[in-house]
Structures are given as C-alpha cells and as structure tokens.
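One-letter residues, chain by chain:
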Amino acid sequence: MKFPGQRKSKHFFPVESRDPLLSEISPLNKPIASHICGIDQVLVDIEAHVPESFLEKYALSKGHSMLIEPEKAAAIYAELTAHNLIVSEFAGGTIGNTLHNYSVLSDDRSVLFGVMNETIRVGSSSYRYLCNTSSKVDLNYLQPAPGSIGQCITLIAPDGERSFAINKGVMDLLDVSHLDKTLIQTGSALVISAYLVRCEEHEPMKDTTMQAVAWAKEAGVPVVLTMGTKFIVEDRKEWWQQFIRDYVTVVAMNEDEALALTGHGDPLLACEQVLEWTDMVLCTAGPVGLYLASFADEEQKRETSRQLLPGALPEFNRFEFSRPMRRNDCAEPIKVYTHISPYMGGPDRIKNTNGAGDGALAALLHDMAANDYHRLNVPGSSKHAARFLAYSSLSQVSKYANRVSYEVLVQHSPRLSRGLPEREDSLEEVYWDQ
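Just so you know, these numbers come straight off a predicted model, no measurement behind them. (Residues numbered from 1 in each chain as written. Predicted model: local features only at pLDDT ≥ 70, side-chain atom pairs only at ≥ 80, totals over all residues. Heavy atoms only, no water.)

Caption draft 1: Highlighting the UniProt feature "binding site: GMP" (unreviewed entry) in the protein. In the numbering used here, UniProt assigns the feature "binding site: GMP" (unreviewed entry) to Gly 93, Thr 94, Ile 95, Gly 96, Asn 97 and Arg 198. Tracing the backbone shows Thr 94 in helix α4 (residues 94-106). The buried category is assigned to Thr 94, whose relative accessible area is 16%. In contact with Thr 94, not counting residues within four places along its chain, are Asp 40, Ser 193, Tyr 195, Thr 226 and Asp 358. Position of Ile 95 among the secondary structure elements: in helix α4. (UniProt positions renumbered as here; feature names shortened; annotations may be inferred. Helix = DSSP H or I, 4+ residues; strand = E, 2+ residues; numbered from the N terminus. Buried < 20%, exposed > 50% of the residue type's maximum accessible area, 1.4 Å probe, protein only. Contact = heavy atoms within 4.5 Å.)

Take a look at the structure:
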C-alpha cells in the first residue's frame, strides 16, 4: 500500500519499516494485504471525426445517443479504422476507471468483475482495454464470452456536434457464478455504478450486482455507489433512495445527479439530504469544486482551523477536521461537511471532463483502504480509537480528491498514467494528517 501523501513519523508507512531489525528476523511482520472490488460494464471509449455523410450512411441521429447492434458497430469501427478517423481509443467504464486510478495511486490491488470477450486480437478494443489498465488491477476474474466488449463511439461532425453510437456487446452478461464471495467479503470496499441495474430483463447483470451487494452488506464491507447520470436517477428516484438506505455506505455523484436524487439544486443541501439515507457523500460540482459529507461522533469531532464558510448551512465546515464514520458507529452522531474549490482555480484548458469524478472517488477509496490496511496491521494504534471510515480527516480527503480530479482534467484519458507527485512545497498540497 502506497500511503496517500506525506505522513507524520508516528504513523509511518509501510508498516514493516517500523522496526527494520524485527522485520528481518520475524516472518510474522509481513503486512496483511488489502484490496477493493468493483463490478463494471467493460467497455472502451472511442472518439472519431467524421463527415456528415458518415452519419447518414449508418442512419445515426446527429447529436443523439443510440444503441446499435454489434454488426453495425463492427462495420462502423472497421470503416473508422480503415480511414484513420479515430482520434483516441481509451479503456472506459466508470468503475474500471475508478479501480485503475485507485491502483495507480495506491500501488495496490483491486479486483474487477465484468465480461471480456474470450478471443482477443492485437489492436482490437479488448486488447486496448487490457493495455490501458494498470497491472495492479486483477483481471483474472473477468467472465470470458464470445462477442465484443462494450464500445461507446463518439462521432464528431465538422460543426463540432457529437453523436454517440453505443454497442453494448457482452458487457451486461456477467453471471453470479463469476463473482468471488470471499474476495468481496474481505475487501475494503465494493464499488458499483447505477448503470449496472439498468440492463434488460434477459441480462443477468442486475441480479449479479444485487447478489454482490448483499454479500458485502452481510460482511460489513462498505458499498460505494457512483450515480452515473441524472437520467438514470430521474426515472426511478424513490427506488434509488430506498436502495441507498438498504445497501449503500458511500454515494458519489455530481450536482446534476444530486438534484435528480434529492430535489435540491444546492450541492450542500443535497449532501445533507443524502446523509439521511447513507453514511458518506462525495459531490462534485464542476467549477464550484467538490463537497464531502459524513458523520462523526460527538466525542471524536475536531474543529477546523480554517475560515468558517457561509452557505445554505451556515459555518458548515466547522468540524471538517473530523474523520468520517458510519452513523451506526457513532454514540452521538453529528453531520460534518467540507468544501474545496478547484485545484489552482482549475486547469487553463480542460482536455477531458470524462472521469474527473471517478478520479476523485479513487482518491477517497485510497484513503478508505489505507485506513483498513493500517487497522489490520497496527490494530492498537491511536488512529483506531473509534471505527473510522477513512484514515484522514474529511478536509484532507477533499484535498486529495481535488488534486486527482485536476490530473484527469488536464489529460485526454480518464485514466491516470502515473501517481501524484509525492511533495509540492510551493503549493499547499502536502497531505499531512490533521
């Protein structure tokens, strides 16, 4: 486990370095490993510039998103490749992106459950998916199936209008027999997206996801849900609210999804509402920055040394130096919040907005897993006087998440190619524990 940021010596990592002599003579000092699990619709994002005639040829509605048959997708992809029209092709999928970024940041294992076509040709979408995924992401549990993985093909017309051709391929065919119950129940988190329960009736993905969630809940493993898109939420708002109450520990969303889920246009009020249903909320709000909200025990709360912020909840960040907890782990729970503006005011030029929220979530997962890792290896530490959800304070997690989002925004791919700099003395981004 590569720990998030610079740390005080009393909490130094890695654990085996606490006493070099003991680590030499005692095999029992080998650290207990940790991991997170995720379920995803395995797909690639393809971007291409095409003439208007291309859209007409394949009967694609300009400016809209359309599901297409695998045969049509294969013909489109073949023509794009033959005429060198593809600008970029990256591994995608909201959970795949999150697990990749988590493994890059933590240098630690994550496990992906999904479907991969059983025959992989060099240069194909499946091949590119594998090439663009961190070696720390364990792909050994992917279900092999004949056919193509999912493809989200973005076709950009000469006037800049974007049209989307989506080939589902085999991405929703994940069967419960290809899950590993032990891995899920021993993980630091199970990460899912709202897309997983929107498959067609004959496809097993929803039932498989619900089984995984039930196993995680049975073992007390945090279930982390990323909302995906506001359109999914709007259709079944009450269903999602109940699902979050029943199964979810952490909700990740943007301001549009927050509005669809809660009816509140103010992200802070939306976070307050979601805390009525779950234990922790991450809400990204574009140029406004991001919010984190959770519970803390009255006895464990820590007051901020930063300026108190105005908002729909006055002085809402008063206890942002508190570490997040589950409501049921608090003797006297209080709601705590933090906000951070975009890192360095945001990039001068945003190259990609796809995946910025996934990057922020990967940072939060890293801190949660680091807390689990430390608790397993140093159970007597003062860091575990109570049952916390994360190693760092809410404020520090927001700084880390904010920094990772920035790195995604300034590149074309939603996946990090490297971790963050260890130290940036000229910037206020050294992640000391508060």
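Having seen it, we continue.
Caption draft 2: Structural context of the sheet that holds strand β10 (residues 162-167). Sheet architecture is open: five strands sit in the order β3-β10-β9-β2-β4, paired in mixed fashion. Edge positions in the open sheet fall to β3 (65-67) and β4 (86-91), since each of these has one partner strand only. Taking each pair of neighbouring strands and ignoring which way they run, the sheet shows an average axis angle of 15°. Pairing of strand β2 (residues 43-49) with β4, which is carried by five bridges, proceeds in the antiparallel orientation. Looking at the pairing, Glu 47 lines up with Ser 88 of β4. Strands in contact with helix α3 (residues 70-82) are β2, β4, β9 (150-156) and β10; relative to β9, the strand with the most contacts, it is inclined by about 50°. (Pairing = 2+ DSSP bridges. Axes fitted to C-alpha atoms, helices over the stretch in contact; angles between N-to-C directions.)

Caption draft 3: Up close: the packing of aromatic side chains. Inspection of every chain in the model, using the stated rule, returns seven aromatic pairs. Ring centres of Phe 54 and Tyr 58 lie 5.0 Å apart, and the angle between their planes is 45°; this geometry places the pair in the tilted category. Classification of Tyr 58 as buried rests on a relative accessible area of 11%. Where Tyr 291 meets Phe 316, the ring centres are 6.3 Å apart and the plane angle is 45°; that geometry is what we call tilted. Here Tyr 291, found in strand β15 (residues 290-297), pairs with Phe 316, found in the loop between β15 and β16 (333-340); they are 25 residues apart in sequence, far enough to count as distant. Taken as a pair, Tyr 291 and Phe 316 share a single burial class, namely buried. Through successive ring pairs, a cluster of aromatic residues spans Trp 239, Trp 240, Phe 243 and Tyr 247. The cationic tip of Lys 217 hangs over the ring face of Tyr 247; the distance from NZ or CZ to the ring centre is 5.4 Å. (Phe/Tyr/Trp six-rings, centres within 6.5 Å; stacked < 30°, edge-to-face > 60°. Lys NZ or Arg CZ within 6 Å of the ring centre and 35° of its normal.)

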